[in-house]
Amino acid sequence: MDIEQRNIEIEGIDPRELYGVENRRLEQMAEMFPRLKLIARGSMLKVSGEAAELKRFEKRLRALAEYYKKYGHISEEVVERMMDGGGASDDMPLDRDVIVYGNNGNIVRARTVNQQALVQQYDTNDLLFAVGPAGSGKTYTAIALAVRALKNREVRRIILTRPAVEAGEKLGFLPGDMKEKLDPYLQPLYDALHDMIPAAKLQRYMEEGTVQIAPLAFMRGRTLDNAFVILDEAQNTTLSQLKMFLTRMGRSAKFIVTGDLTQIDLPRPSDSGLAKALDMLRGIKGLGIVTFDKQDIVRHSLVKSIVDAFDAHTANADN
């Protein structure tokens, strides 16, 4: 029996994605190749054992890496099939509702009818409006589409923005530098990105400008080419601010505007430009509007009841 030892360099995939949380997928591979000894050293995998078995393992490991490059994720089911020699055939079951595969095997999928509608309309429209109640997944679905577009190289950068309405976009009285002043208003966007992009990679993307998060006021004067741009909390923009934002749209760009018309935080709610813009722009070719409702709420089950209670109170107050 010929025993060999080989150092296999892991290329095209973050070793943490390959090995899994607490090396679970690496342990799975070791169980499927019990005659081999596997030792992970970062991007280097030391493998020792019978030459023929080692050769078979390396071939399947390379195929697994290729699968990751194609689909952007690896699951225990995929490891089992690939290491068993099943290969990455085109009929390999893939969830059609999956938008993107996030961190630690997290699957981001369109979970409701209107989330699915947003994904479908993305294919035929360069500008989308997603309007509906809190917790319905408008922004999260939009960010998932943006991350997928970046991974698929459909765009070169992601730009996320929202109005810093609570401070009237006058943030000087808050402590800290500019980033520290703005972060509280932009934190929900960071949270979504952290679910979908590994922390180290996200940090690099932000340093390079591949991912940008900024208040709406910072969009003025820019032309956004080859970018996926999301305006969140658009109910807190005036009509002139919305016009300014929408006219930033450059070549090969995708724009999504999200908002909740029941949560306007402007000093005068009548100043909100979102409903006016929807009426003005409806019917334009290349523009889609998806209206979310209470059935799309995917947070804690209490959220739907809370929204119902507030709606009932508002209806009684209007009567």
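First, a word on scope: everything that follows refers to the structure included in this document. If you're wondering where the values come from, they're calculated on a predicted model, not measured in any experiment. (Residues numbered from 1 in each chain as written. Predicted model: local features only at pLDDT ≥ 70, side-chain atom pairs only at ≥ 80, totals over all residues. Heavy atoms only, no water.)

**Some remarks on the overall build of the chain**
Turning to step 1, where the next piece is worked out: Along its length, the chain carries 11 helices and 11 strands.
Turning to step 2, where the next piece is worked out: The contacts of the chain with a sequence gap of at least 6 include a subset with a gap of at least 24, amounting to 69%.
Turning to step 3, where the next piece is worked out: Accessible surface computed for the chain: about 17,100 Å², of which carbon and sulfur atoms make up 49%. (Helix = DSSP H or I, 4+ residues; strand = E, 2+ residues; numbered from the N terminus. Contact = heavy atoms within 4.5 Å. Areas by Shrake-Rupley, 256 points an atom, 1.4 Å probe, with all protein chains shown as cover.)

**What to know about the environment of Asp 308**
Turning to step 1, where the next piece is worked out: Mapping Asp 308 onto the fold places it in helix H11 (residues 301–318).
Turning to step 2, where the next piece is worked out: A relative accessible area of 34% means that Asp 308 is categorised as partly exposed.
Turning to step 3, where the next piece is worked out: With 14 residues separating them in the primary sequence, Asp 308 and Lys 294 have C-alpha atoms 8.1 Å apart. (Buried < 20%, exposed > 50% of the residue type's maximum accessible area, 1.4 Å probe, protein only.)

**A short note on the packing of helix H2 (residues 24–32) against helix H4 (residues 76–83)**
Turning to step 1, where the next piece is worked out: Their axes nearest at 10 Å, the elements H2 and H4 cross at an angle of 30°. With respect to their mutual orientation, H2 and H4 come out roughly parallel. As for the relative orientation of H2 and H4, their crossing is right-handed in sense. Seen from H2, the contacting residues are Arg 24, Arg 25, Gln 28, Met 29 and Met 32; seen from H4, they are Glu 76, Val 79, Glu 80 and Met 83.
Turning to step 2, where the next piece is worked out: Here the residues of the contact of H2 with H4 are counted per class, giving four nonpolar, one polar and four charged. (Axes fitted to C-alpha atoms, helices over the stretch in contact; angles between N-to-C directions. Parallel < 35°, antiparallel > 145°, perpendicular 65-115°, else oblique. Left-handed = near helix turned anticlockwise from the far one by under 90°. Nonpolar A, V, L, I, M, F, W, Y, C, P; charged D, E, K, R; others polar.)

**Things to note about the sheet that holds strand S3 (residues 44–50)**
Turning to step 1, where the next piece is worked out: The three strands lie next to each other as S1-S3-S2, forming an open sheet whose pairing is antiparallel. Two strands lie at the open edges of the sheet, namely strand S1 (3–9) and strand S2 (37–41), each paired on one side alone. The sheet shows a mean angle of 15° between the axes of neighbouring strands, taken without regard to direction.
Turning to step 2, where the next piece is worked out: Of the pairings in the sheet, the one linking S1 to S3 comprises seven bridges and is antiparallel in character. Residue pairing for S3: Ile 3 is matched across the bridge by Glu 50. (Pairing = 2+ DSSP bridges.)

**A few points about H4**
Turning to step 1, where the next piece is worked out: Listing the buried residues of H4 in full gives Val 78, Val 79, Met 82 and Met 83. Looking straight down H4, one finds that the buried residues subtend no more than 115° of arc, so they occupy a single side.
Turning to step 2, where the next piece is worked out: Downstream of H4 by one or two residues, Gly 85 has phi in the positive range, about 95°. (Arc of directions from axis to C-beta.)

**Topic: a nonpolar patch on the surface**
Turning to step 1, where the next piece is worked out: Residues Leu 302, Ile 306 and Phe 310 make up a contiguous nonpolar surface patch of about 330 Å² in total accessible area.
Turning to step 2, where the next piece is worked out: Inspection of the secondary structure assignment puts Leu 302 in helix H11.
Turning to step 3, where the next piece is worked out: Look at Leu 302 and you get exposed, because its relative accessible area is 51%. (Patch = residues over 30% accessible without salt bridge, like charges linked within 9 Å, V, L, I, M, F, W, Y side chains within 5 Å. Salt bridge = Lys/Arg side-chain N within 4 Å of Asp/Glu carboxyl O.)

**Here we look at the sheet that holds strand S7 (residues 157–162)**
Turning to step 1, where the next piece is worked out: Read from one edge of the open sheet, six strands run S8-S7-S9-S10-S6-S11, paired in parallel fashion. Each edge of the open sheet is held by one strand with a lone partner, namely strand S8 (211–215) and strand S11 (287–291). With direction set aside, neighbouring strand axes in the sheet form an average angle of 15°.
Turning to step 2, where the next piece is worked out: Taken strand by strand, helix H5 (residues 113–122) contacts strand S6 (127–131), strand S9 (227–231), strand S10 (254–259) and S11, and its axis lies near 175° from that of S11.
Turning to step 3, where the next piece is worked out: Along the sheet, helix H10 (residues 274–281) makes contact with S6, S10 and S11, crossing S6 at roughly 135°.

**Examining H2**
The periodicity of an α-helix, 3.6 residues per turn, causes residues three or four positions apart to be oriented the same way.
Turning to step 1, where the next piece is worked out: Considered for burial, the residues of H2 that qualify are Arg 25, Leu 26, Gln 28 and Met 29. Viewed along the axis of H2, the buried residues span an arc of 155°, placing them on a single side of the element.

**Here we look at the side chain of Ser 136**
Turning to step 1, where the next piece is worked out: Tracing the backbone shows Ser 136 in the loop between S6 and helix H6 (138–151).
Turning to step 2, where the next piece is worked out: We classify Ser 136 as buried; its relative accessible area is 1%.
Turning to step 3, where the next piece is worked out: Residues within four places of Ser 136 in sequence aside, it is in contact with Gln 115, Phe 292, Asp 293, Asp 296 and Ile 297.

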